[in-house]
Structure formats: structure tokens, C-alpha cells
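So you can see what is in the structure, the chains are spelled out below.
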Amino acid sequence: MKSRKEKELEARERALKAREEAVAEREEALRKESFLTTAVREKKEEWYDKVHLTVHQLDIVIYVVIALLVIVGILIILEAAGIFKIAG
């Protein structure tokens, strides 16, 4: 007959095995995801290599382009509402 400590130890071992299996499943899922993120990161770095600017300069360019897109979007909304006319 098993003692109380042996039963507790077996229960802990089963719980540990279940946690290890769950971790293994999560790691496998991350490996599948990381292939895509790795490919995207490599493509992005390839683009950075083609443009001869510092990362800070590229960030500024990105912010300016986003700001211009926002302005264009606002102008389109204002023209659609009849508040602002872009073309005669």
C-alpha cells in the first residue's frame, strides 16, 4: 500500500507532466508562428538595407507619410460632407 507522501508525489508528477505537455504544445505553436514573423523581419531588414538612411531618419519618413495620409483622409471626409471643396 502506498503512503500519503507517495500519492502526493505521484499527483505532482502527473501535474508536472501535464504542464510539460502544455508547454511543448505552446512551443510548437510558436515555432509555426515564428516562421512567418521571421520571414517578415528578414524582408523588412532587406528593405532597410536597400535604403541608405538611418533608422531614425526612416522613422521620420514613416511618420510624415502617415501624417499626410491622415490629412488626405480628413480632406476626403470633408469634401464628402460638402464642407470643403477640393476641385471646382
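Here's a quick rundown of the structure.

Parameters at a glance
- The written sequence of each chain sets the order in which its residues are numbered from 1.
- Confidence filtering applies because this is a predicted model: local features only for residues at pLDDT of at least 70, side-chain atom pairs given and counted only at 80 or more, and all residues used for totals across whole chains, interfaces and linings.
- Working from all heavy atoms in the structure, the side-chain values ignore hydrogens and water.
- Only DSSP runs of H or I with at least four residues qualify as helices, and only runs of E with at least two residues qualify as strands; both kinds are numbered from the N terminus onward.
- The reference for a compact globule is 2.2 Å times residues^0.38; the radius of gyration itself is calculated from the C-alpha atoms.
- Partly exposed describes any residue whose relative accessible area lies between the buried limit of under 20% and the exposed limit of over 50%, with all areas from a 1.4 Å probe on protein chains only and scaled to the type maximum.
- We count Lys and Arg on the positive side and Asp and Glu on the negative side, and we leave His and both chain ends out.
- The location of each charge is read from NZ of Lys, CZ of Arg, CG of Asp or CD of Glu.
- Here, expected helix span is obtained from the residue count minus one, scaled by 1.5 Å.
- Here a salt bridge means any side-chain nitrogen of Lys or Arg lying within 4 Å of a carboxyl oxygen belonging to Asp or Glu.

**Details of the overall build of the protein chain**
Part 1 of the reasoning: When you go through the protein chain residue by residue, the secondary structure sums to 2 helices and 0 strands.
Part 2 of the reasoning: Since a compact globule built from 88 residues should have a radius of gyration of about 12 Å, the 28 Å found for the protein chain marks it as more spread out than a globular shape.
Part 3 of the reasoning: The principal-axis extent of the C-alpha atoms belonging to the protein chain is close to 95 × 40 × 20 Å.
Part 4 of the reasoning: With 88 residues in all, the protein chain has 1% of them scored as buried.
Part 5 of the reasoning: When the 16 positive and 16 negative side-chain charges of the protein chain are each reduced to one mean point, those points stand 7 Å apart.

**Regarding helix H2 (residues 55-80)**
Part 1 of the reasoning: Across its 26 residues, H2 extends 37 Å between first and last C-alpha, which sits within 8% of the 38 Å expected from 1.5 Å per residue.
Part 2 of the reasoning: Looking at the residues trailing H2, positive phi occurs at Gly82, about 85°.

**A look at the environment of Ala24**
Part 1 of the reasoning: Relative to the helices and strands, Ala24 resides in helix H1 (residues 4-50).
Part 2 of the reasoning: Using a relative accessible area of 42% as the deciding quantity, one classes Ala24 as partly exposed.
Part 3 of the reasoning: Separated by 34 residues in the primary sequence, Ala24 and Leu58 have C-alpha atoms spaced 39 Å apart.

**A few points about the pattern of salt bridges**
Part 1 of the reasoning: Per the counting criterion, the structure on display carries 3 salt bridges.
Part 2 of the reasoning: The salt bridge involving Lys50 is made with Glu46; its shortest N-O contact spans 3.8 Å. In this pair, Lys50 and Glu46 are both assigned in helix H1, 4 residues apart and thus about one turn of the helix distant.
Part 3 of the reasoning: Note on Lys50: relative accessible area 57%, which makes it exposed.
Part 4 of the reasoning: A cluster of three or more residues bridged by salt bridges with shared partners is formed by Lys43, Glu46 and Lys50.

**As for the environment of Leu69**
Part 1 of the reasoning: Its place among the elements puts Leu69 in helix H2.
Part 2 of the reasoning: You can call Leu69 exposed: its relative accessible area is 59%.

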